[in-house]
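Each chain is listed here by its residues.
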Amino acid sequence: MIKAIFEKLTTMIMVEYIDFVYNTSKVNLIGHNEILTEDSQEKVIALFWHGDSYCLYPALKGSKLYILITKDRRGDYISNMCDYFGYKTIRIPDTSDGGKHLFKMRKIIDVEDISNVAIALDGPLGFYHVPNDFAFISARLTKRRILPISFSVKRKIELHKRWDHFKIPLPFNIISIYFNEPIEVTRKDKDEKFSSLKNKIKYAMENQNL
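The structure reproduced in this document is the subject of the present report. (Residues numbered from 1 in each chain as written. Predicted model: local features only at pLDDT ≥ 70, side-chain atom pairs only at ≥ 80, totals over all residues. Heavy atoms only, no water.)

**Regarding the sheet that holds strand β1 (residues 26–31)**
Turning to step 1, where the next piece is worked out: An order of β1-β9-β6-β2-β5-β3-β4 is seen for the seven strands of this open sheet, with the pairing classed as mixed. Each edge of the open sheet is held by one strand with a lone partner, namely β1 and β4 (88–92). With strand direction ignored, the average angle separating the axes of adjacent strands in the sheet is 25°.
Turning to step 2, where the next piece is worked out: In this sheet, strand β5 (residues 116–120) lies alongside strand β2 (residues 44–48) in parallel orientation, the contact comprising four bridges. When the bridges of β5 are listed, phenylalanine 48 appears paired with alanine 120.
Turning to step 3, where the next piece is worked out: Each of β2 and β6 (145–153) touches helix α7 (residues 195–207); the most contacted strand, β6, lies at about 30° to it. (Pairing = 2+ DSSP bridges. Helix = DSSP H or I, 4+ residues; strand = E, 2+ residues; numbered from the N terminus. Axes fitted to C-alpha atoms, helices over the stretch in contact; angles between N-to-C directions. Contact = heavy atoms within 4.5 Å.)

**A few points about the side chain of serine 25**
Turning to step 1, where the next piece is worked out: For serine 25, the position within the fold is in the loop between α1 (2–23) and β1.
Turning to step 2, where the next piece is worked out: Taking the relative accessible area as the measure of exposure, serine 25 reaches 13% and is therefore buried.
Turning to step 3, where the next piece is worked out: There is a polar contact of 2.6 Å between the side chain of serine 25 and the backbone oxygen of valine 21.
Turning to step 4, where the next piece is worked out: In this structure, serine 25 is in contact with Leu170, Pro171, Phe172, Asn173 and Ile175, ignoring residues within four places of it in sequence. (Buried < 20%, exposed > 50% of the residue type's maximum accessible area, 1.4 Å probe, protein only. Polar contact = N/O pair within 3.5 Å; in protein donor to acceptor, adjacent residues only side chain to side chain.)

Worth remembering: the numbers are spatial, not functional.
Below, the structure written as C-alpha cells:
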C-alpha cells in the first residue's frame, strides 16, 4: 500500500514537472514527425537514447504509441508516466528470456495493428549510446523501418553518474526534437550483425543529421 502511494506521488511530481517544462519552453519539431501521427499509413519503430526518455514523454503526447519497458520496478514508474501521457506499454524482461519477448511484441503488433513502437536504442541497462541488437532484430521481425529520434536541450541537468547520463530539462528552455529519415533494416544489415547500420544510426542521433 505504501509502495503504491509512493509510486503514484513520485509519478505525479515527475509528470507535473515535465509538463511545466514543455509549457514554458520553445519546442521545435524537426524532420519526419508526421510519421508518428495517428493518420500516418506507415508503422515504424522509433528509436531514442535511454537518457533522453524523460524528454520523450510530452514530445509525442497524443500519438498512438507503444513503448517497450522492463518488468522491474523501474518499469513500474515508466508505466505510470506512459499512462498519463496516453501511451501503451509492452513489458519485457531486462535479461534474456530466449527471445520470447520478441514474439510477444510481434503478436501484439499483428493482432492490435498498433501504430508505432518506441525502443531505447541503448537500453535497458546500457552501455551509454551503444546501440544494441534488439531494436534492429525487432524491425526485421515486424517488417518495419526504424525512425531515429534525438533531442537537443539548451538548459538541462545531466546525471553523469548514471550509465545513461539521464537528462532533466529545465523550464523556460529551447528543446529541439529531430525525427531523422526512416531507414529500412535489410538482410545485409543482419548478415553483418548490424555493424554499419549501428554506426550510421549512432552518428545521426548524436549529430541530428541523417
